[in-house]
Amino acid sequence: MSPAVDAAELRRRTRDLLAAHPPATTDRTDFLKARFDAGLAWVHYPEGLGGLDAPRSLQQAVDAELAAAEAPDNDPRRIGIGLGMAAPTILGFGTDEQKRRFLRPLWVGEEVWCQLFSEPGAGSDLAALATRAVRDGDDWVVDGQKVWTSSAHAARWAILIARTDPDLPKHRGISYFICDMTDPGVDVRPLRQITGEAEFNEVFLSGVRIPDSHRLGPVGEGWKVAQTTLMNERVSIGGSRIPREGGMIGPVSRTWRERPELRTHDTHQRLLTLWVEAEVARLTGERLRQQLVAGQPGPEGSGMKLAFARLNQQISGLEVELLGDEGLLYGDWTMVRPELVDFTGRDAGYRYLRSKGNSIEGGTSEVLLNIVAERVLGLPAEPRNDKDVAWKDLSR
């Protein structure tokens, strides 16, 4: 960490960036590249990789200056998987060459990422995955199927875990790769959801060749690498920074204020309860992000993700009920394949239907309850009889 970089120095550097590349006259992508090269993308990253080895908490000083100047951002909702999951994993386990190759276009938004983890037979029990990667010279040949892959239809790259040794227990025979989604053998098919859209996909991998230079971490230690991805995923889903009355509680609060004829005593009491819980969750998220300053995310992110899913489903249910007959309307059932999820920019019906997936994506609530119980509260672990059995000998 560089002692010379403080908030005042970061503000000065940000103003120098704005002077050299005025947002009003500079191409958006060129501005973002210049910001990355100036170390103002994520200030806690190393110099040369979009950062300045500064404390993570000082990012706010940069963001405030850029917001005041109406500088463009990198559309974080569209590239959230890259920013929240791929980048910290590459930073933690990638080679110097991998970091230089992938982090800049990822942050700028030139290359979208997706996550090839879950499988039809390995969702809640992710370590049971069956996708195989077999070494062939300098390459790995991958065959298998992944499912619930957000943005696979828009992604250039994917973070992928595959089984490289079926003779080892399920957690120890996995390796972690970076997969080029444009390579032969990658087949992306839409999964139409209850919303009528298909932001998720299933991905079939047939003889896909991945160079060994695109492996993250040692062979057989992919589960350890994946834990970094999963912990960051849960923080990015459940612990994102939002203002007061941001997120799902915002639309229903506005409806309550603007439509007094819809109010009842019961909905009043429920709204008050959910508003308080949403504010507690928001403040807890702030505390969690402050903990990140001191190191990597821990299992506490699982608790935040649990609260996020439960609150979204309860709040969206209250909103539909508050609206009465209007809550039964749905704007558009057209089959589209969106590149991002927009909870607050859509109607109440969409929020109600889409929030049902919140307790599945990013780790099911049932699995996260176990993580919180065992790794946060220190309760006895559930008995498991498959931890020391070779994956190939497990019943499936």
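Here goes a summary of the coordinates provided. None of the values given here were measured: they were computed from a predicted structure.

## Looking at the pairing of strand β1 (residues 113-116)
The side chains of a regular strand alternate, residue by residue, between the two faces of the sheet.
Part 1 of the reasoning: With burial as the criterion, each face of β1 is covered, one bearing Trp113 and Gln115 and the other bearing Cys114 and Leu116.
Part 2 of the reasoning: Bridge count for β1 against strand β4 (residues 157-163) is four bridges, and the pairing is parallel. If you follow Leu116 over to β4, its bridge partner there is Leu160.

## With respect to the packing of aromatic side chains
Part 1 of the reasoning: This structure, assessed with the given rule, holds nine aromatic pairs.
Part 2 of the reasoning: For the pair Phe117 and Tyr176, a centre-to-centre distance of 5.9 Å together with 85° between the ring planes defines the contact as edge-to-face. Of the two residues, Phe117 sits in the loop between β1 and β2 (132-136) while Tyr176 sits in strand β5 (residues 174-180), which places them 59 residues apart along the sequence.
Part 3 of the reasoning: In textbook terms, an aromatic cluster arises when at least three aromatic residues are bridged by ring pairs, as seen for Phe102, Trp113 and Trp157.
Part 4 of the reasoning: Stacked on the ring of Phe204, the Lys or Arg Arg189 has its end atom at 4.0 Å from the ring centre.
Part 5 of the reasoning: Directly above the ring of Tyr350 sits Arg346, whose terminal nitrogen or CZ lies 3.9 Å from the centroid.

## Details of the environment of Glu366
Part 1 of the reasoning: In this structure, Glu366 sits in helix α11 (residues 365-376).
Part 2 of the reasoning: On the basis of relative accessible area, Glu366 is assigned to the exposed category, the value being 56%.
Part 3 of the reasoning: Distance from Glu366 to Pro338, taken between C-alpha atoms, is 28 Å for residues 28 residues apart in sequence.

## Quick word on the packing of helix α1 (residues 7-20) against helix α3 (residues 59-68)
Part 1 of the reasoning: Contact geometry for α1 and α3: axes closest at 9 Å, N-to-C directions at 35°. α1 and α3 meet at a crossing whose hand is right-handed. Here α1 contributes Ala7, Leu10, Arg11, Thr14, Arg15, Leu17 and Leu18 to the contact with α3, which in turn contributes Ala61, Val62, Glu65 and Leu66.
Part 2 of the reasoning: A breakdown of the residues in the contact of α1 with α3 according to their chemical character gives seven nonpolar, one polar and three charged.

## A look at the pattern of salt bridges
Part 1 of the reasoning: In the structure shown here, the tally under the stated rule is 35 salt bridges.
Part 2 of the reasoning: Asp63 is the partner of Arg35 in a salt bridge, and the nearest nitrogen-oxygen pair spans 3.3 Å. Here Arg35 is found in helix α2 (residues 28-37), whereas its partner Asp63 is found in helix α3, with 28 residues between them in sequence.
Part 3 of the reasoning: By relative accessible area, Arg35 is classed as buried at 7%.
Part 4 of the reasoning: Judged by relative accessible area, which is 35%, Asp63 ranks as partly exposed.
Part 5 of the reasoning: Residues Asp167 and Lys392 are paired through a salt bridge, measuring 4.0 Å at the closest nitrogen-oxygen approach. Here Asp167, found in the loop between β4 and β5, pairs with Lys392, found in the segment after α11; they are 225 residues apart in sequence, far enough to count as distant.

Each value, and the rule that gives it
Residues numbered from 1 in each chain as written. Predicted model: local features only at pLDDT ≥ 70, side-chain atom pairs only at ≥ 80, totals over all residues. Heavy atoms only, no water. Buried < 20%, exposed > 50% of the residue type's maximum accessible area, 1.4 Å probe, protein only. Helix = DSSP H or I, 4+ residues; strand = E, 2+ residues; numbered from the N terminus. Pairing = 2+ DSSP bridges. Phe/Tyr/Trp six-rings, centres within 6.5 Å; stacked < 30°, edge-to-face > 60°. Lys NZ or Arg CZ within 6 Å of the ring centre and 35° of its normal. Axes fitted to C-alpha atoms, helices over the stretch in contact; angles between N-to-C directions. Left-handed = near helix turned anticlockwise from the far one by under 90°. Contact = heavy atoms within 4.5 Å. Nonpolar A, V, L, I, M, F, W, Y, C, P; charged D, E, K, R; others polar. Salt bridge = Lys/Arg side-chain N within 4 Å of Asp/Glu carboxyl O.

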